[in-house]
Amino acid sequence: MKYLCTLFLIACTMSSCKETAKETVTVTTVEEVEEITTTTDSEVEEFEIIPIEHASTILNWDGRTVYVDPVGKPELYKGYKKPDLIVITHLHGDHLNVKTLEGLDTSTARIVVPQSVAEKMPEAFSSKLEILNNGEKIETLGITTNAVPMYNLGPVEERRHKKGWGNGYVLEKDGKRVYFSGDTEDIPEMRSLQDIDIAFVCMNLPYTMTVESAASAVLDFKPTQVYPFHYRGSDGLSDVATFKSIVNNGSDAIEVVQLDWYPNRD
């Protein structure tokens with residue numbers, strides 16, 4: 001008989017290069033495929049989440065390191081593993097900063113971007129780029145990157161993110177599916193996502209959507225875990241406690257996990 005055992009280990013770590021403690025989440029999955037008491041390396045998967053700030057995130061995923069929308073001073077990334085894969089959602093300065101990229105060790109990295117970002121990248125990065133449009137995917141270093149829509153609804157003149165201009169991403173490895181929303185409103189394509197294990201969902205006005213809309217969408221596509229991020233708006237930080245409450249009241253099958261995405265706030 002086969003047994004599936006899942007062990008969640010949550011740890012907070014301190015980076016020596018930062019004045020503020022950085023919170024990380026490490027999830028280790030052990031699958032015991034026979035009735036034995038030992039495991040092999042192939043049966044253990046590490047998945048570590050490191051919040052940098054706002055939308056910038058590092059994933060350490062079973063021996064691979066993924067940077068999502070890395071911006072800010074390069075010093076923020078010192079002490080962490082260099083990226084194997086970088087995914088960039090769109091052009092706005094809180095998601096793309098060329099100076100940040102130039103300050104990172106990208107010597108062995110592949111960089112997945114939408115066409116709009118590729119057009120603004122310096123020539124020095126051209127050999128590293130993989131350009132994806134909404135609906136396209138590519139496999140790099142054992143990770144499949146699926147580009148999904150992210151956009152604002154409403155009249156064209158009110159849109160800050162036009163459809164097709166940027167990408168959300170579903171990253172997939174060994175059956176685990178991780179969604180990064182990019183900057184999006186409560187769009188049908190998000191609600192129709194399937195089999196998402198971990199979702200990083202934005203919620204800030206006037207740039208993306210309300211916490212109520214974000215919670216409603218999450219209750220529709222039902223990720224196993226959801227991490228509110230990108231929740232700083234024009235009037236400060238969004239009420240992520242309300243988001244958590246709505247999700248918890250709507251489903252006991254979705255875990256809301258809150259990390260510190262704004263360690264330097266006053």
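Not measured: the values here are computed from a predicted model.

S.K.: Can you break down the side chain of S251 residue by residue, with the values?
M.R.: Tracing the chain through its elements places S251 in the loop between α5 (240–250) and β19 (255–256). A polar atom in the side chain of S251 sits 3.0 Å from the backbone nitrogen of A253.

S.K.: Tell me about the pattern of salt bridges, and name the residues and values.
M.R.: Where side chains of opposite charge bring their charged atoms close, a pairing between them can arise. Under the criterion given, the structure shown has nine salt bridges. Between E53 and R232 there is a salt bridge whose closest N-O contact spans 3.7 Å. One end of the pair, E53, is in strand β5 (residues 44–53); the other, R232, is in strand β17 (residues 232–233), and 179 residues separate them in sequence. E102 is paired through a salt bridge with K99; the nearest N and O atoms lie 4.0 Å apart. One end of the pair is E102 and the other is K99, both in helix α1 (residues 98–103) and three residues apart, which spans about a single turn. Look at K99 and you get exposed, because its relative accessible area is 64%.

S.K.: Lay out the pairing of strand β16 (residues 225–228) in plain terms, naming residues and giving numbers.
M.R.: By the alternation rule, side chains of β16 split into Q225 and Y227 and V226 and P228, which are all buried. Strand direction decides the pairing type here: strand β15 (residues 198–201) and β16, joined by four bridges, are parallel. When the sheet's bridge partners are listed, A199 is paired in β16 with V226. With helix α4 (residues 211–221) bridging β15 and its parallel neighbour β16, the resulting β-α-β unit is right-handed. Bridging between β16 and β19 involves two bridges; their strand directions are parallel. The residue of β19 that forms the bridge with V226 is V256.

S.K.: Could you give an account of the packing of aromatic side chains, with specific residues and numbers?
M.R.: Applying the stated criterion across every chain, the model contains ten aromatic pairs. When the ring of Y67 is compared with that of Y77, the centres are 5.5 Å apart and the planes differ by 25°; the resulting orientation is stacked. One end of the pair, Y67, is in strand β7 (residues 64–68); the other, Y77, is in the loop between β7 and β8 (85–87), and ten residues separate them in sequence. Given a relative accessible area of 2%, Y67 falls into the buried group. Residue classification places Y77 among the buried positions, given a relative accessible area of 4%. Ring centres 5.5 Å apart and planes at 65° place the aromatic pair F229 and W261 in the edge-to-face group. Highlighted residues: F229 in the loop between β16 and β17 and W261 in the segment after β19, separated in sequence by 32 residues.

Basis of the calculations
Residues numbered from 1 in each chain as written. Predicted model: local features only at pLDDT ≥ 70, side-chain atom pairs only at ≥ 80, totals over all residues. Heavy atoms only, no water. Helix = DSSP H or I, 4+ residues; strand = E, 2+ residues; numbered from the N terminus. Polar contact = N/O pair within 3.5 Å; in protein donor to acceptor, adjacent residues only side chain to side chain. Salt bridge = Lys/Arg side-chain N within 4 Å of Asp/Glu carboxyl O. Buried < 20%, exposed > 50% of the residue type's maximum accessible area, 1.4 Å probe, protein only. Pairing = 2+ DSSP bridges. Right-handed = clockwise from strand over helix to strand, strands pointing away. Phe/Tyr/Trp six-rings, centres within 6.5 Å; stacked < 30°, edge-to-face > 60°.

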